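# Reading the structure
Chain residues, written in single-letter form:
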Amino acid sequence: MSFLYDEGHHAIATESRRILDARMDKDRLLKLLEQIGRYDEPFWQTATEQGWTALAIPQKHGGLGLGLIELGLVAQATGAHTAGAAFLTVGYGAARGLLDGIEESLKTDWLPQLASGEKIATVAFADASAPLPPASSVRFENGALSGTKSAVVAGLRADVALVWARHGEQPALCLAELSHVSRNPLNSFDNSRLYADLVFDRAPATLVAEGEAARRIALETLAAMAVVTGHEQLGGAEELLIMARDYALTRKAFGQPIGAFQSVKHRIAALYGLVELARANCIHAAASDRQKHFLMAAADVRISATEAYDTAARDCTQIHGGIGVTWEQGIHLHMRRARSLAIEQGNLLFWEDLLVEQMTGVAA
Amino acid sequence: MTDYDSYRAEARSWLQSVAGEFGRDARRGLTEEQDLALGRHYLAKRYEAGYGGIHLPVEFGGQGLSHVEKVIFETEEMGFGMPIGYFSISLGMPVPIIVRFVEDRAWVKERVVKALRGEEIWCQLFSEPAAGSDLAGLRARAEPDGDGWKINGQKLWTSWAQYADYGITVLRTDATVPKHKGLTYFWIDMHAQGVEVRPIKLADGGHDVNEVFLDDVHLTDSQRMSPVGGGFGVAMATLMIERYAATDSNGFGPGLDNLVELARGLEVNGRPALQDGRVRSAIARNHAMRAGLDSITTRAMLSMQAGQEPGPEGALNKLFSVRSRQKLSELAIDLQGARGVTYDVEGLHTDDWTASWLAAPTGRIAGGADEMLLNTIAEKILNLPQDHRPDKGISFSQIVA
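Model, not experiment: these values are computed from the prediction.

With that out of the way, let us pick up the overall build of chain B. On a plain count of helices and strands, chain B comes out with 13 helices and nine strands. Against the globule reference of 21 Å for 401 residues, chain B gives a C-alpha radius of gyration of 22 Å, in line with a compact fold. For the C-alpha atoms alone, the extent of chain B along its principal axes is close to 75 × 50 × 45 Å. Looking at chain B as a whole, 41% of its 401 residues are labelled buried. Counting only contacts in chain B whose residues sit at least 6 apart along the sequence, the fraction spanning at least 24 positions is 70%.

On to the overall build of chain A. For chain A, the count of helices and strands is eleven helices and nine strands. Relative to the compact-globule value of 21 Å for 364 residues, chain A shows a C-alpha radius of gyration of 20 Å, a close match. Summarising the internal contacts of chain A: among those between residues at least 6 apart in sequence, 74% fall at separations of at least 24.

Once that is clear, we can look at the packing of helix 7 (residues 211–250) of chain A against helix 8 (residues 262–286) of chain A. Residues and elements named next belong to chain A. Close contact between helix 7 and helix 8 brings their axes to 9 Å; oriented N to C, the two are set at 155°. When the axis of helix 7 is compared with that of helix 8, the two are roughly antiparallel. Judged by the twist between their axes, the crossing of helix 7 over helix 8 is left-handed. Residue-level contacts link Val227, Gly230, His231, Gln233, Leu234, Ala237, Glu238, Leu241, Ala244, Arg245 and Ala248 of helix 7 to Val264, Lys265, Ile268, Leu271, Tyr272, Val275, Ala278, Arg279, Cys282, Ala285 and Ala286 of helix 8. A per-class count over the contact of helix 7 with helix 8 returns 15 nonpolar, three polar and four charged.

The subject of this paragraph is the interface of chain B and chain A. Chain B puts 34 residues into the contact, and the matching count from chain A is 36 residues. Of all the secondary-structure elements, those providing two or more residues to the side of chain B that touches chain A are helix 10 (277–305), helix 11 (316–335) and helix 13 (370–381) of chain B. Among the elements that line the side of chain B that touches chain A, the one with the most residues is helix 10 of chain B, at 16 residues.

Residue and element names in this part refer to chain A. Considered domain by domain, chain A is made up of domain 1 (7–116), domain 2 (121–210) and domain 3 (216–360). Here the C-alpha centroids of domain 1 and domain 2 sit 21 Å apart. Taken together, the 24 residues of domain 1 in the interface contact 21 residues of domain 2. If you list the elements that add at least two residues to the side of domain 1 that touches domain 2, you get helix 2 (26–33), helix 5 (86–100) and helix 6 (104–116). For the side of domain 1 that touches domain 2, the element with the highest residue contribution is helix 5, accounting for nine residues.

Right, let's talk about the environment of Ala106 of chain B for a bit. Residues and elements named next belong to chain B. Following the sequence through the fold, Ala106 ends up in helix 7 (residues 105–116). Given 7 C-beta atoms within a 10 Å radius, Ala106 is considered exposed. Sequence spacing of Ala106 and Ser88 is 18 residues, and the spatial spacing of their C-alpha atoms is 24 Å.

Below, the discussion takes up helix 9 (residues 256–264) of chain B. For an α-helix, the turn length of 3.6 residues means that residues three or four places apart are oriented alike. All names here are of chain B. Turning to helix 9, its buried residues number three or more, namely Leu256, Leu259 and Ala263. Buried residues in helix 9, looked at end-on, bunch into an arc of 55°, giving them a common side. Counted as exposed and oriented over 90 degrees from the buried face of helix 9: Asp257 and Glu261.

Attention now moves to the packing of helix 9 of chain B against helix 11 of chain B. All names here are of chain B. As a packed pair, helix 9 and helix 11 sit with axes 10 Å apart at the nearest point and diverge in direction by 15°. Considered as vectors, helix 9 and helix 11 are oriented roughly parallel to each other. In terms of crossing hand, the pair formed by helix 9 and helix 11 is left-handed. Where helix 9 approaches helix 11, its residues Leu259, Leu262 and Ala263 are matched on the opposing element by Leu328, Ala332 and Leu335. The class makeup of the residues in the contact of helix 9 with helix 11 is six nonpolar, no polar and no charged.

Moving on to the domain arrangement of chain B. Residue and element names in this part refer to chain B. Here the domain parsing of chain B yields domain 1 (3–119), domain 2 (123–240) and domain 3 (247–368). Summarising the inter-unit geometry, the C-alpha centres of domain 2 and domain 3 are found 34 Å apart. Across the boundary between the two partners, domain 2 contributes four residues, which contact six residues of domain 3.

This part takes up the nonpolar core. Counting 160 residues, the largest nonpolar core has Ala161, Val163, Cys174, Ala176, Val227 and Ile268 of chain A as the members making the most contacts within it. Considering each element in turn, this core owes the most residues, 17 residues, to helix 7 of chain A. Excluding anything up to four places from it in sequence, Val227 of chain A contacts Leu68, Gly72, Cys282, Ala285, Ala286, Ala298 and Val301 of chain A. Core analysis: the second largest hydrophobic core is formed by 52 residues, Phe22, Leu43, Val99 and Trp187 of chain B among them.

All names here are of chain B. Across five bridges, strand 2 (residues 141–145) lies against strand 3 (residues 148–159) in antiparallel orientation. Its bridge partner lying in strand 3, Pro144 is registered against Trp149. As consecutive antiparallel partners, strand 2 and strand 3 are separated by two residues, and within that stretch Gly146 has a phi angle of approximately 65°, a positive value.

Residues and elements named next belong to chain B. You can see Leu293 is positioned in helix 10. Here Leu293 falls in the buried class, since 29 other C-beta atoms lie within 10 Å of it. Leu293 sits 267 residues away from Ala26 along the chain, and the two C-alpha atoms are 31 Å apart. What Leu293 contacts, discounting residues up to four positions off in sequence, is Ser249, Leu316, Asn317, Phe320 and Ser321.

On to the pairing of strand 7 (residues 209–219) of chain B. Here nine bridges tie strand 3 of chain B to strand 7 of chain B, and the two strands are oriented antiparallel to one another. Its bridge partner being in strand 7 of chain B, Lys155 of chain B is matched across the sheet by Val212 of chain B.

When pLDDT is averaged along chain B, the result is 95; 100% of the residues meet or exceed 70. Overall fold confidence for the complex sits at a pTM of 0.95, while the interface term, ipTM, reaches 0.96.

On to the environment of Asp201 of chain A. Tracing the backbone through its elements, the reader meets Asp201 of chain A in strand 7 (residues 196–210). With 55 residues separating them in the primary sequence, Asp201 of chain A and Ser146 of chain A have C-alpha atoms 4.6 Å apart.

What follows is about helix 5 of chain A. Here helix 5 of chain A spans 22 Å end to end across 15 residues, near enough to the 21 Å set by a 1.5 Å rise per residue. With respect to burial, helix 5 of chain A is a largely interior element, 13 of its 15 residues being buried.

Here the focus is unusual backbone geometry. Phi at Arg202 of chain A is positive, roughly 50°, even though this residue is not glycine. Note that Arg202 of chain A resides in strand 7. The class of Arg202 of chain A is partly exposed, set by 13 C-beta atoms lying within 10 Å. At Asn269 of chain B, a residue that is not glycine, the phi angle is positive and equals roughly 55°. Position of Asn269 of chain B relative to the elements: it lies in the loop between strand 8 (267–268) and strand 9 (271–272).

Conventions and cut-offs
Residues numbered from 1 in each chain as written. Chains lettered and ligands numbered in written order. Predicted model: local features only at pLDDT ≥ 70, side-chain atom pairs only at ≥ 80, totals over all residues. Helix = DSSP H or I, 4+ residues; strand = E, 2+ residues; numbered from the N terminus. Rg over C-alpha atoms; globule rule 2.2 N^0.38 Å. Buried ≥ 20, exposed ≤ 12 C-beta atoms within 10 Å, placed from the backbone. Contact = placed C-beta atoms within 7 Å. Axes fitted to C-alpha atoms, helices over the stretch in contact; angles between N-to-C directions. Parallel < 35°, antiparallel > 145°, perpendicular 65-115°, else oblique. Left-handed = near helix turned anticlockwise from the far one by under 90°. Nonpolar A, V, L, I, M, F, W, Y, C, P; charged D, E, K, R; others polar. Domains from an automatic or database assignment. Arc of directions from axis to C-beta. Core = buried A, V, L, I, M, F, W, Y, C linked by C-beta atoms within 7 Å. Pairing = 2+ DSSP bridges. pLDDT = per-residue confidence, 0-100. Expected span 1.5 Å × (residues − 1).

Structure, rendered in structure tokens:
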């Protein structure tokens with residue numbers, strides 16, 4: 001159900017944006033693109049210091065007890081800066097998966113450490129090109145995992161991962177510490193996301209859920225992460241919209257600001273529309289958490305936020321002309337992030353199919 | 001349950017109680033005259049039930065409630081296919097505008113009540129052959145004539161003028177000043193001598209719009225609704241009223257569930273159409289867009305209920321919903337393969353994809369063309385510059401036609 005943000009929400013949005021405006025540095029982010037295994041440490045320090053890691057974890061587990069709405073607002077601020085928020089989303093996903101699981105000791109052991117940021121968790125659901133395959137190729141047997149998980153976000157740094165696996169013929173969700181797992185780094189177009197293939201070779205793991213429960217928890221966790229990522233995409237798209245507008249007001253050609261030409265102004269106006277549709281879906285989905293149509297609401301977010309951010313990246317670059325494609329100007333930070341976020345937490349193909357299955361009962 | 005929730009529930013239950021008599025099924029097979037008569041009957045009944053003029057002041061025969069109740073009722077009413085189209089302009093713009101701008105209050109009250117009961121219909125004579133999006137470029141003129149005015153010219157695209165008893169209009173009273181400054185706003189009697197209405201048949205076969213010729217029509221000065229030269233401001237106030245009209249994320253075409261049901265019975269390459277990736281993608285993307293528009297509408301309603309102005313993003317609805325309805329209608333026709341060419345001339349554009357497709361271009365032009373909506377968003381919301389306007393600042397008579 002949609003709602004109007006209240007004063008508390010506005011305060012979270014403004015405050016997280018103010019802090020990131022002061023602390024983020026484009027040149028620092030540009031350097032990270034050409035290095036594998038490095039991430040934006042000042043951002044992560046800020047995130048833990050501000051309690052963003054604790055935001056959506058229940059109070060009894062050391063968190064602040066807020067939810068998707070609040071975490072979404074922070075993600076939106078990080079998205080505007082292409083800040084290294086990889087751990088924020090997947091850390092939340094892992095915590096949520098644990099919370100919904102059966103194993104109480106995992107909750108008491110891990111949630112306080114995830115809330116404080118002392119430990120970093122990630123989520124490893126995808127096998128090759130399938131965001132959440134019906135049967136994972138990774139097997140859980142005798143308390144250990146074997147197999148490979150592809151392009152895991154934060155895979156190069158995370159201490160622990162929530163893994164989508166198979167236990168006999170049943171799906172299983174497991175938690176594995178990554179100290180004994182080999183991490184094969186991927187060279188990617190957005191290297192600060194720390195993508196790695198994780199190779200499990202009889203790596204010790206604990207069962208979080210099994211069977212239908214595991215499938216349901218995995219899907220809901222993926223949907224919740226998709227909503228957080230959707231806010232991040234929205235923040236990025238909105239930032240690009242403003243950049244495009246500001247540039248169109250100052251750059252002159254043929255004796256007038258280029259924003260006076262309909263080919264440019266209509267492009268920006270249409271982009272505004274995409275941004276507002278994404279925002280509307282984000283607000284609706286964040287407020288629909290744990291409700292009946294949450295999966296559909298999350299799919300709506302993914303579709304509209306991905307379209308908004310990709311389009312914003314294309315059009316903002318185009319409106320800037322030559323300067324838009326320079327390394328130094330940095331619009332490509334958004335262009336890259338638009339695509340990496342479009343893939344993380346399930347690509348459009350996955351979400352379109354999931355949405356239609358939810359609507360019609362017909363699987364792809 | 002809030003007061004608004006119970007208002008909605010009561011409205012819905014009243015609508016259900018009369019749906020059999022006036023709704024979609026009751027209208028099937030009627031001639032337009034019969035349908036209009038049914039519509040007048042429905043309006044009288046709606047007025048007696050307390051749902052006529054919901055947001056208009058009680059002293060003019062309205063219910064004295066807010067825009068919130070009005071939009072709630074309209075939103076509920078939309079699903080029933082009631083015969084209200086003939087009155088949508090009448091009650092949408094002219095009636096509220098005469099309440100605001102006509103001085104003879106007793107006369108206004110009489111008009112409002114008759115219009116609310118469907119006994120009289122008003123039309124809006126704005127566009128002309130040479131003035132559509134550029135409304136201020138209009139040419140029909142009013143000249144002083146004794147105590148009143150004499151008007152001449154041609155209006156175009158006037159909805160339901162063929163049934164109208166009265167109209168509101170903007171006319172040029174001074175061609176020697178810049179175009180926006182030489183306009184004056186009037187109401188006219190559509191039965192007056194010199195008013196001639198000729199229906200225009202549109203691409204979908206319908207003829208709800210007309211051209212209206214004004215030939216030495218005499219108006220008294222009491223029919224003037226703005227200061228002389230102040231007509232453009234009242235015209236803008238008229239168009240602003242639409243901000244509080246019910247919106248439809250289906251773009252006034254069929255719902256997405258309708259497409260799903262159509263696709264359920266069809267095959268592509270010998271497999272169920274709903275398993276085809278292209279069909280799934282179109283359904284999913286339309287769902288995401290419509291859900292976004294619905295969420296914007298919900299937030300606008302919540303803002304209004306909280307006594308705040310709704311956000312400017314409400315302006316997106318028509319632009320996105322009608323454009324996508326047009327493309328989705330094409331897909332629906334495609335899906336039916338060779339049989340897609342069939343056409344039910346009685347089909348309504350809210351239920352039938354072919355009727356929806358044929359009428360969709362009108363939706364993208366009427367009430368603000370897509371290009372004008374994009375300009376408005378760019379200029380009013382994003383503060384981008386106005387287009388280059390060579391006619392700016394020069395007197396109307398010097399503008400090159």
